[in-house]
Amino acid sequence: MKLCAKRWPIAILLLCTAWSIVALGDEAQDARARDEINKYREMLQEGNPAELSEARGEELWATPAGPKQATLEQCDLGLGPGKLEGAYAKLPRYFPDTAQVQDLDSRLTTCMMTLQGSTREQATRDWHKADSEMEALVTFVAGKSRGVKIEAANARPEEQQASALGEALFFRRSGPLDFSCATCHSQPDKRIRLSEVRDLLVPADAQAVLTQWPAYRMSQGQVWSMERRLIDCMRQMRWPEPQYQSEVIIALEAFLQKQADGGVMQAPGIKR
Amino acid sequence: MNDALRRSFSNATPEEWKTRLDQDRAQILCSQHRNTPPPEIAAAIVGEAKSSLRYPPNGKLLGDWRKGEEIALLSGGGQLSRLAPERAPKRGGNCYACHALSPREVAAGNLGPSLTGYAKLRGTSDASVRYTYEKIFNAQAYLACSFMPRFGHNGWLTPEQVADITAFLLDPQSPVNR
């Protein structure tokens, strides 16, 4: 509710943007649309509602919970127990204790199970809802990588397999509209309607995307993790919904992280 | 990859596998060649697409441009999701997602070329009508591994709806050409 007041000016801005580009030619129109969209994104960056999620995540991190009434403070996200700074920029990665390549959502779930004694079901219930604990924790941990360069994990064969699977999936076409990720994300300077769709095969574009997620989505009124973003892409591709934290999602994240290697994390970002 | 897909989409029904995830020959080849197949494979894809074209039973490839405009504007339909259940079950062409058409609709995407003034560009000869209909029905009848959905071929739109969109593109009264 608190955001309704914020959303109206955005709608008006969008309308103004749309009107102001009516009279221009294709290329000028494209450039103009991009500029306008970036301009209001910058304006909103000053007051990103994701900060609320971040603060809540910080609190949850240190609050005893679950059957064991333990905190997550000893959670190992890849850099050692409780080491949060820069951890997100190196995920997904292989974890020997679970013998899996895990992203942040998946690793947090592991910690909720091992440290707090929760079941998987308890740890992931309602993960997609606004104000879910998972949303807050993901936002908080990702924020701890702000200013840190993405370093895609690629040393282990399991990590290489994950990103290779992600790459193959990126080009895999199926469904009644023949879509793959590449349909929208393999050419420069493209838009669906007024929404930019970046060329994820080009490092600069991939970095511009991957450094912003998790992000507050204005149209949804909540923070979305990269998982949620990818699952929603599949919905728009008219695919069925994959399982949360499933192999295909983590593989796509691994591939995209590799594409975005070296980008400086700025998440949580703000998106349409 | 297929094992990973099976495990990841373990909730999908057999019908959903068949219509949403399993690939036909063109989809397999285009995925494998990352949408730039070598010439002989491209020719096979185009040939197969051409031989499976279908037309409205009444033979009219130019339908009602007003209906075509509605279909072009309609963006929803066909999503499967527990997280965000489908709100608009009616399927549309969602043409503006990728193409500029009527100049009145300013929020057009650019994944495909601008089609504003299409009739002037292409002319309204029988050959032009046929090309336009067939391109919308199955874009790969003209370009192997085109990013454009095979709207008619995949049964997303009916041949009559494809004819309506053809009219929306070619009718002199359509806003595309005014």
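Structure: see above.
Read on for an overview of the structure.

Here is what the cut-offs are and how they apply
- Residues numbered from 1 in each chain as written.
- Chains lettered and ligands numbered in written order.
- Predicted model: local features only at pLDDT ≥ 70, side-chain atom pairs only at ≥ 80, totals over all residues.
- Heavy atoms only, no water.
- Phe/Tyr/Trp six-rings, centres within 6.5 Å; stacked < 30°, edge-to-face > 60°.
- Helix = DSSP H or I, 4+ residues; strand = E, 2+ residues; numbered from the N terminus.
- Buried < 20%, exposed > 50% of the residue type's maximum accessible area, 1.4 Å probe, protein only.
- Salt bridge = Lys/Arg side-chain N within 4 Å of Asp/Glu carboxyl O.
- Disulfide = S-S within 2.5 Å.

### Quick look at the packing of aromatic side chains
Thinking step 1. Taken as a whole and judged by the stated rule, the model has nine aromatic pairs over all chains.
Thinking step 2. Here the aromatic rings of W239 of chain A and F9 of chain B are separated by 6.1 Å at their centres, their planes lie at 65 degrees, and the arrangement is edge-to-face. Taken as a pair, W239 of chain A in the loop between α10 (226–236) and α11 (247–259) and F9 of chain B in the loop between α1 (2–8) and α2 (14–21) lie in two separate chains rather than in one. Grouping residues by exposure puts W239 of chain A and F9 of chain B together as buried.
Thinking step 3. Taking 5.4 Å as the distance between ring centres and 25 degrees as the angle between the ring planes, the aromatic pair formed by Y55 of chain B and Y133 of chain B counts as stacked. Residue Y55 of chain B is located in the loop between α4 (39–51) and α5 (65–73), and its partner Y133 of chain B is located in helix α7 (residues 126–137); the two are separated by 78 residues in the primary sequence.
Thinking step 4. We classify Y55 of chain B as partly exposed; its relative accessible area is 31%.
Thinking step 5. Residue Y133 of chain B is classed as buried on the basis of its relative accessible area, which comes to 0%.
Thinking step 6. Pairwise contacts between aromatic rings join F170, F171 and F255 of chain A into one cluster.

### Focus on the pattern of salt bridges
Thinking step 1. Going through the model one piece at a time under the given rule, you end up with 20 salt bridges over all chains.
Thinking step 2. The partner of D126 of chain A in a salt bridge is K129 of chain A, and the shortest N-O contact between them spans 3.2 Å.
Thinking step 3. On the basis of relative accessibility, which here comes to 35%, the residue D126 of chain A falls in the partly exposed class.
Thinking step 4. On the basis of relative accessible area, K129 of chain A is assigned to the partly exposed category, the value being 42%.
Thinking step 5. Where E158 of chain A meets R156 of chain A, a salt bridge forms, and the shortest distance between an N and an O atom there is 3.1 Å.
Thinking step 6. Assessed through its relative accessible area of 26%, E158 of chain A is described here as partly exposed.
Thinking step 7. Where salt bridges share partners, they join D178 of chain A together with D24 and R150 of chain B into one cluster.

### Observations regarding the state of the cysteines
Thinking step 1. Within this structure, the stated rule accounts for two disulfides over all chains.
Thinking step 2. What pairs with C75 of chain A in a disulfide is C111 of chain A, and their sulfur atoms sit 2.0 Å apart. Across the S-S bond of C75 of chain A and C111 of chain A the torsion is about 80 degrees, and the bridge reads as right-handed. Taken as a pair, C75 of chain A in the loop between α3 (50–61) and β1 (93–95) and C111 of chain A in helix α4 (residues 104–114) lie far apart in primary sequence, 36 residues in all.
Thinking step 3. Judged by relative accessible area, which is 1%, C75 of chain A ranks as buried.
Thinking step 4. Accessibility expressed as a relative area gives 3% for C111 of chain A, which makes it buried.
Thinking step 5. Residue pairing for C30 of chain B: its cysteine sulfur links by disulfide to C145 of chain B, the two sulfurs lying 2.1 Å apart. The sign of the -90 degrees torsion about the S-S bond sets the C30 of chain B-C145 of chain B disulfide as left-handed. You can see C30 of chain B sitting in helix α3 (residues 25–32) and its partner C145 of chain B sitting in the loop between α7 and α8 (159–170), a full 115 residues away along the chain.
Thinking step 6. Residue C145 of chain B is classed as buried on the basis of its relative accessible area of 4%.
Thinking step 7. The cysteine C181 of chain A is free of any disulfide, with C233 of chain A supplying the nearest cysteine sulfur at 6.9 Å.
Thinking step 8. The closest cysteine sulfur to the non-disulfide-bonded C95 of chain B is located on C98 of chain B, 8.8 Å from its own sulfur.

Treat this as a map of the structure, not an account of what it does.
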